[in-house]
Amino acid sequence: MMRRGFPIFVLVAISWLTISAHRNLMAVSAATEANTNGTTRTPVLVELFTSEGCSDCPPADALLERLDWFQPVRNADLIVLSEHVDYWDDIGWRDPYSSHEFSIRQGDYARRFRLEGPYTPQMVVDGDMELVGSDERRAIRVIENSIKAEKLPVVLSSIHREGNDKLAVHVETGPLVSPGRRTAAQVLIALADNSDRSSVRGGENSGRILNHVAVVRNLTSLGNIDSGGTFSKDVMVSTKNADQHNLRIIAIVQEMNQGRVLGLGSARVSN
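Undergrad: I'd like to hear about helix H3 (residues 100–112), residue by residue, with values.
TA: Given a rise of 1.5 Å per residue, 13 residues ought to cover 18 Å, and the 19 Å separating the end C-alpha atoms of H3 matches this to within 8%. Among all positions of H3, only Phe-102, Ser-103, Arg-105, Gln-106, Gly-107, Tyr-109 and Ala-110 are buried. Buried positions along H3 lie against strand S3 (40–50), strand S4 (76–84), strand S5 (122–125), strand S9 (184–199), strand S10 (209–226) and strand S12 (246–255). Where H3 starts, the residue carrying a side-chain oxygen 3.1 Å from the main-chain nitrogen of Glu-101 turns out to be Ser-99. Once H3 ends, the next one or two residues include Arg-114, with phi positive near 60 degrees.

Undergrad: So what's going on with the nonpolar core? Which residues, and what values?
TA: Ranked by size, the top nonpolar core spans 25 residues in total, and within it Leu-156, Ile-159, Val-169, Val-171, Ile-189, Ile-249 and Val-253 carry the most contacts. For this core, the secondary-structure elements that each account for two or more residues are strand S7 (152–161), strand S8 (166–173), S9, S10, strand S11 (232–238), S12 and strand S13 (261–270).

Undergrad: An account of the side chain of His-212 is requested, with residue identities and associated values reported.
TA: Assignment of secondary structure puts His-212 in strand S10. Here the side chain of His-212 touches Glu-52 through a polar contact of 2.6 Å, side chain to side chain. Ignoring sequence-local partners within four residues, the contact set of His-212 consists of Glu-52, Asp-61, His-84, Tyr-97, Asn-194, Ser-195 and Asp-196.

Undergrad: Tell me about the confidence of the model for the protein chain, and name the residues and values.
TA: Of the residues in the protein chain, 84% have a pLDDT of 70 or more, and the chain-wide mean is 88. Between residues 1–32, whose pLDDT stays under 50, and residues either more than four places distant or in other chains, the model counts 42 contacts.

Undergrad: Which residues make up the side chain of Asn-218, and what values go with them?
TA: Note that Asn-218 resides in strand S10. One polar contact links the side chain of Asn-218 to the main-chain carbonyl oxygen of Ser-238, over a distance of 2.9 Å. Sequence-distant contacts of Asn-218, defined by excluding residues within four places in its chain, comprise Ile-189, Ala-190, Leu-191, Val-237 and Ser-238.

Undergrad: Mind laying out the pattern of salt bridges, listing which residues take part and the relevant values?
TA: It is possible for side chains of opposite charge to pair when their charged atoms get near one another. Evaluated as defined, the whole model comprises twelve salt bridges. Close ionic contact of Glu-47 with Arg-105 constitutes a salt bridge, the shortest N to O distance being 2.8 Å. With Glu-47 in strand S3 and Arg-105 in helix H3, this residue pair connects regions lying 58 residues apart in the sequence. Given the relative accessible area of 0%, Glu-47 is considered buried.

Rules used throughout
Residues numbered from 1 in each chain as written. Predicted model: local features only at pLDDT ≥ 70, side-chain atom pairs only at ≥ 80, totals over all residues. Heavy atoms only, no water. Helix = DSSP H or I, 4+ residues; strand = E, 2+ residues; numbered from the N terminus. Expected span 1.5 Å × (residues − 1). Buried < 20%, exposed > 50% of the residue type's maximum accessible area, 1.4 Å probe, protein only. Contact = heavy atoms within 4.5 Å. Polar contact = N/O pair within 3.5 Å; in protein donor to acceptor, adjacent residues only side chain to side chain. Core = buried A, V, L, I, M, F, W, Y, C linked by side-chain atoms within 4.5 Å. pLDDT = per-residue confidence, 0-100. Salt bridge = Lys/Arg side-chain N within 4 Å of Asp/Glu carboxyl O.

Structural data, given as C-alpha cells:
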C-alpha cells in the first residue's frame, strides 16, 4: 500500500526547523560544560604563538593539535588558538597566516611576564602562565592548575552568515565578579580557521608540509566590562581571508593589559 505524502503544515515545520538550525549554527556557554558523567568542564584558553619560519615550532603546533583533539586534562575544556607572529617573515619564508597584530599581543604578554622579549614557540594558558610551546608535561600541569579558577559564563548565540564575508553573532556574558577588588576586563572575539596546511618552500622549514589547528584570522575588541557589569551585544565579524567552510569563533573576557582570562565561549561554524 502506498503511503500518502506529508501534510503541508508538516513540510513547512520541517523547513522552518532546518532554516533555524542553519542560522543558529551553534550556541555554547563555556563557563562550564556538562560531561556525560555529570561533572562539569571548565574552559581554559591555550594560545600558541608560532611561525612557519621557525624550525622549533612544528612540535608545538602538533602539541596544540593534540590538546584540541584529545582534550587530555580531566574537567578542562581546552579552547586553543594558533596565533602566527610576523617577526620571522623576513628570514626566508613569509608565513601566510602571520599578522603583526599577534606579534603585538605576544609582546604585551612578554612585558607582563617580565621576559627579555617574545619567542617562538610560546604557549600562554588563560593569560596567566607562559611556557615553551612544545613542553607537553608543563602544559598539562599548568592547565590542571588553571581549571581551579572559576570562569564567568560567556554565551555565543544567533550565529549566522551575512552575505559572503560576514558572520553575525550575539555575545553575552554573566556579571564580572572579582571578590575583594575592583577590576575591568576587555571582551575580545577571535575568528579562526578550524585547520590549515602549508607546503613550506623556504626558510628553516623548507620542504616540510605543516599542519595547524585553530589558526586565528582576526582578533577584535568588542568593548569593556567593569566590576559587577555584564556584556550583551550583536556583532558582525569579517570572514575575509578565512576558510569559509570550516571556522571557529571564540569570545574571550580578559583582564585589561593582557591579564587573566576570566571567561570564554566558543562555537564551530560550518556550511
